[in-house]
Amino acid sequence: MPRKLISLSAAFAAAATLAQAEVVSVNSGASLRQLSDGQKNVKMVAGLTSSKQLPSADLIQARKALTKRDRVANKRLRALADLGDGYAAHLYAQRLEEKGRAKLAADTAHYYSISAATGRGYSIRGMVGAIDQIDPQDTREGRLKSLKNVLMAYASAGNPEAVEAVLRYHFAKAPFGDLSSEIDTILDKASTGAGPVSLQLASSLMQQPEASQAELAQAKTYLVAASKSESFSISLTAQNLLPIVEARLAAQTSDQPVQEGIQ
């Protein structure tokens, strides 16, 4: 895949009015989540792998209780999560989420991200839901950076919920600000996420009723890239959308007036 397939700024500008990210439905009847070939897991850190790594008998007992699906007090659950126990982090994030307090959103996202970073991709949905409630002005820069790193790693791996969230956050320029360079990196490296990202960018452009010829040409470029995805469903969807964008391009070309040469 060539570096920087097209200018992202034009694509993002055209898609900026799309508040929701599930845009892969241009006559395809499917969203990116439905087209996913399964849950994408990314192990960024080893996490806690043995009770021998724990500093106290109390926490060792708490971890054994977890393996038996017994209830563990919040204090011990959080301690395990802080030490890198991904399962404990997921459970603790769920408990925070159940409180339904907006001021806990950053903590909730943080603990879901710990779980996700240890390879538990099922935590991404909760993480994104919590990030949606974060006030970036009241969230530490270091925490935002950590959340962004986990989210981008999953988007690069092609996790559909992460891909949708990354593009949605970029369109909104919040809570992580401009993500152009991070998205460029996904496309440049032709990572697993390049296909889903390209498909989302193309479909967002195609959703615009008044898309210009240049924007449709950009959408076609993205679809060509997505058609080479290692995901069969992503590739097939891109191939099915190509005739649609080509027909719209042809219609716009035929509608352009012919300018006669000056005699």
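Just so it is clear, the model here is predicted, and its values are computed rather than measured. (Residues numbered from 1 in each chain as written. Predicted model: local features only at pLDDT ≥ 70, side-chain atom pairs only at ≥ 80, totals over all residues. Heavy atoms only, no water.)

Draft legend 1. Molecular detail of the overall build of the protein. Secondary structure assignment for the protein yields 13 helices and zero strands. Going from N to C terminus, the protein has its helices and strands arranged as α-α-α-α-α-α-α-α-α-α-α-α-α. When contacts within the protein are restricted to residue pairs at least 6 apart in sequence, those whose partners lie at least 24 apart make up 66%. Here the protein has roughly 13300 Å² of accessible surface; of this, 49% comes from carbon and sulfur atoms. (Helix = DSSP H or I, 4+ residues; strand = E, 2+ residues; numbered from the N terminus. Contact = heavy atoms within 4.5 Å. Areas by Shrake-Rupley, 256 points an atom, 1.4 Å probe, with all protein chains shown as cover.)

Draft legend 2. Structural detail: the packing of helix H6 (residues 105–117) against helix H7 (residues 123–131). Two elements in contact, H6 and H7, have axes whose closest approach is 8 Å; the angle formed by their N-to-C orientations is 160°. Viewed along their axes, H6 and H7 adopt a mutual orientation that is roughly antiparallel. Taken as a pair, H6 and H7 cross one another with a handedness that is left-handed. Here Ala-105, Thr-108, Ala-109, Tyr-112, Ser-113, Ser-115 and Ala-116 of H6 come into contact with H7, specifically with Ser-123, Ile-124, Gly-126, Met-127, Ala-130 and Ile-131. Looking at the contact of H6 with H7, its residues break down into eight nonpolar, five polar and no charged. (Axes fitted to C-alpha atoms, helices over the stretch in contact; angles between N-to-C directions. Parallel < 35°, antiparallel > 145°, perpendicular 65-115°, else oblique. Left-handed = near helix turned anticlockwise from the far one by under 90°. Nonpolar A, V, L, I, M, F, W, Y, C, P; charged D, E, K, R; others polar.)

Draft legend 3. Main features of helix H8 (residues 141–156). The terminal C-alpha atoms of H8 lie 22 Å apart, and with 16 residues this matches the ideal 22 Å at 1.5 Å per residue to within 8%. Among all positions in H8, only Arg-143, Leu-144, Leu-147, Lys-148, Val-150, Leu-151, Met-152, Tyr-154 and Ala-155 are buried. Summarising the contacts, the buried residues of H8 are in contact with H6, H7, helix H9 (160–172) and helix H10 (180–188). Phi for Gly-158, located one or two positions after H8, is positive at around 90°. (Expected span 1.5 Å × (residues − 1). Buried < 20%, exposed > 50% of the residue type's maximum accessible area, 1.4 Å probe, protein only.)

Draft legend 4. Looking closely at unusual backbone geometry. With an omega of 0°, the peptide bond running from Ala-174 to Pro-175 counts as cis. Of note, Pro-175 is situated in the loop between H9 and H10. Not every positive phi belongs to a glycine, and Arg-69 is a case in point at roughly 65°. Within the secondary structure, Arg-69 is located in the loop between helix H3 (57–67) and helix H4 (74–82). Positive phi, close to 60°, is recorded for Lys-173, a residue that is not glycine. You can see Lys-173 is positioned in the loop between H9 and H10.

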